[in-house]
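Summary of the model geometry
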Amino acid sequence: MVNFSLEGKVALITGAVYGIGFAIAKAFHEAGAKIIYNNNTQSGLDMGAENYKEAGIDAKGYLCDVTDEKAVQEMIADIDKNYGGVDILVNNAGIIKRIPMHEMAVEDFRLVVDIDLVAPFICAKAVIPGMIKKGHGKIINICSMMSELGRETVSAYAAAKGGLKMLTRNICSEYGEYNIQCNAIGPGYIATPQTAPLREIQPDGSRHPFDQFIIAKTPAARWGTPEDLMGPAVFLASDASNFVNGHVLYVDGGILAYIGKQPK
Ligand code: NAP
Ligand code: GCO
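Overview of the structure.

Rules behind the numbers
Residues numbered from 1 in each chain as written. Chains lettered and ligands numbered in written order. Predicted model: local features only at pLDDT ≥ 70, side-chain atom pairs only at ≥ 80, totals over all residues. Heavy atoms only, no water. Helix = DSSP H or I, 4+ residues; strand = E, 2+ residues; numbered from the N terminus. Buried < 20%, exposed > 50% of the residue type's maximum accessible area, 1.4 Å probe, protein only. Contact = heavy atoms within 4.5 Å. Areas by Shrake-Rupley, 256 points an atom, 1.4 Å probe, with all protein chains shown as cover. Lys, Arg positive; Asp, Glu negative; His and termini not counted. Charge placed at Lys NZ, Arg CZ, Asp CG, Glu CD. Phe/Tyr/Trp six-rings, centres within 6.5 Å; stacked < 30°, edge-to-face > 60°. Salt bridge = Lys/Arg side-chain N within 4 Å of Asp/Glu carboxyl O. Near = heavy atom within 4 Å. Polar contact = N/O pair within 3.5 Å; in protein donor to acceptor, adjacent residues only side chain to side chain. Nonpolar A, V, L, I, M, F, W, Y, C, P; charged D, E, K, R; others polar. Axes fitted to C-alpha atoms, helices over the stretch in contact; angles between N-to-C directions. Left-handed = near helix turned anticlockwise from the far one by under 90°. Pairing = 2+ DSSP bridges.

Side note on the overall build of the chain
Of the regular secondary structure elements, the chain holds 7 helices and 7 strands. Along the first, second and third principal axes, the C-alpha set of the chain runs to 60 × 40 × 40 Å. Expressed as a percentage of the 264 residues in the chain, the buried residues total 47%. For the chain, contacts bridging at least 24 residues in sequence account for 74% of all contacts bridging at least 6. If you sum the accessible surface of the chain, you get close to 12,700 Å²; carbon and sulfur atoms cover 55% of it. Put simply, the chain has 24 plus and 29 minus side-chain charges, and the middle of one group is 4 Å from the middle of the other.

Some points on the packing of aromatic side chains
The geometry of an aromatic ring pair is captured by the separation of the ring centres together with the interplanar angle, meaning the angle of the planes. For the structure on display, the rule yields 6 aromatic pairs. For the ring pair tyrosine 189 and tryptophan 223, a centre distance of 5.7 Å and an interplane angle of 90° mean the geometry is edge-to-face. Of this pair, tyrosine 189 sits in the loop between β6 (180-187) and α6 (209-217) while tryptophan 223 sits in the loop between α6 and α7 (230-237), and the two are 34 residues apart along the sequence. Judged by relative accessible area, tyrosine 189 falls into the buried class, the value being 14%. Of the residues examined, tryptophan 223 reaches a relative accessible area of 9% and is grouped as buried. Members of the aromatic cluster, connected to one another through ring pairs, are Tyr189, Phe210, Phe213 and Trp223.

Some details on the pattern of salt bridges
All told, the structure shown has 9 salt bridges when counted by the stated rule. Glutamate 69 is the partner of lysine 125 in a salt bridge, and the nearest nitrogen-oxygen pair spans 2.8 Å. In this pair, lysine 125 sits in helix α4 (residues 106-134) while glutamate 69 sits in helix α3 (residues 69-83), placing the two residues 56 residues apart along the sequence. With a relative accessible area of 31%, glutamate 69 lands in the partly exposed category.

A short note on the site of ligand 1
Not every one of the 27 residues close to ligand 1 is listed here, only the nearest: Tyr18, Asn92, Tyr157, Ile190 and Thr192. Contact between ligand 1 and asparagine 39: an oxygen atom at 3.1 Å from a side-chain N or O atom of the residue. Tyrosine 157 places a polar side-chain atom, nitrogen or oxygen, 2.7 Å from an oxygen atom of ligand 1. In isolation ligand 1 offers 890 Å² of accessible surface; the protein chains occlude 90% of this area. Breaking the shell around ligand 1 down by element, the ones donating at least two residues are α1 (19-30), β2 (34-39) and α5 (155-175). When grouped by side-chain class, the residues that make up the shell around ligand 1 number 14 nonpolar, 11 polar and 2 charged.

Notes on the packing of α3 against α4
Running from amino to carboxyl end, α3 crosses α4 at an angle of 35°, the nearest separation of the two axes being 9 Å. Two packed elements cross with a definite hand, and for α3 against α4 that hand is right-handed. Judged by residue contacts, Glu69, Val72, Gln73 and Ile76 of α3 engage Ile122, Cys123, Lys125, Ala126 and Val127 from α4. Counted by class, the contact of α3 with α4 contains 6 nonpolar, 1 polar and 2 charged residues.

A closer look at the side chain of histidine 208
With respect to the helices and strands, histidine 208 occurs in the loop between β6 and α6. Setting aside its immediate chain neighbours within four residues, histidine 208 contacts Pro197, Leu198, Arg199, Glu200 and Gln202.

Here's the deal with the sheet that holds strand β1 (residues 10-14)
Spatially, 7 strands are ordered β3-β2-β1-β4-β5-β6-β7 in an open sheet, and the strand pairing comes out parallel. Single-partner strands in this sheet number two, and they are β3 (60-63) and β7 (248-251). Recorded for the sheet is a direction-independent mean angle of 20° between the axes of neighbouring strands. Of the strand pairs in this sheet, β1 and strand β4 (residues 88-91) are connected by 3 bridges, and their pairing is parallel. Bridge pairing links alanine 11 to isoleucine 88 in β4. On the sheet, helix α2 (residues 42-54) packs against β2 and β3 and is oriented at approximately 155° with respect to β2. The sheet contacts of α5 involve β5 (137-142), β6 and β7, and relative to β6 the element is tilted by about 160°.

Quick look at the site of ligand 2
Every one of the 14 residues lining ligand 2 counts as a neighbour, but Arg98, Arg151, Tyr157, Tyr189 and Gln194 are closest to it. Measuring from an oxygen atom of ligand 2, one finds a backbone N or O atom of glycine 188 at 3.3 Å. Contact between ligand 2 and tyrosine 189: an oxygen atom at 2.6 Å from a side-chain N or O atom of the residue. In the complex, the protein chains occlude 96% of the 340 Å² of accessible area that ligand 2 would expose alone. Among the residues forming the shell around ligand 2, the class breakdown is 8 nonpolar, 4 polar and 2 charged.

Right under this line is the structure:
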């Protein structure tokens, strides 16, 4: 029988306070997993605690910045001790900075790469020894349209998410023999706080030009919702995907398949 159950599994979803990470956590909970999340601020952690409580999920939250290797190692050691170790890691925490490249401070570029690419390395590195011991493990990296495509103002984000795609393939290559599957999800344009500035209603009441652009670029003719990522995430976390490795599953309403609407 196909097994999509996550019963008895411990899942760490980084930064999962709201948005995509929170939806994935809800899906994992429904499939039977113990949910663990972290955030780099106390206010983020508190918001997560409220959101999980409201959803009826008994989740454990850690105050932990994913770019701080020592803090991540301590969090993983605590999870090992108290919950039996991480079976599923979702590298979800991420940021974007929309700044034309020739105006971007190198510090901003480094910050984006640090959170969106170096941190997934830090978190994966921390859980892999435990996964090898257990004889199984699932690592899911949250990539992007920008793992494949460029656009104005997102040079650091595209560089990081493109790198994350290759880190995904490399973890697969290096640890596949230990029954560890490392795959990625490449969400299309999803309505979350991260993309809210691109959907702001204009002073004259019309839709933001970028909002109209995305609707025209997406065969599904809509923005995605965090809930659109729930099924794909459960698939990649479960035994149903045990021979899927090093893959990026794009969940984009068809954007990457489409040349774009012809001008009228
Ligand atoms: P979001 O709403 O901005 O959520 C990202 C979460 O990561 C926030 O809770 C944030 O906390 C947390 N975080 C940031 N830096 C952190 C750090 N150093 N340590 C721990 N947690 C940290 O983003 P989202 O839209 O749900 O996106 C989630 C992931 O999907 C990101 O990797 C994003 O790049 C990716 N993605 C998003 C879209 C989209 O269209 N929305 C599409 C493709 C990929 P704070 O709130 O405290 O900053
Ligand atoms: C942007 C967007 C994106 C999306 C997403 C697309 O400014 O173009 O924020 O990059 O969030 O990652 O998959």
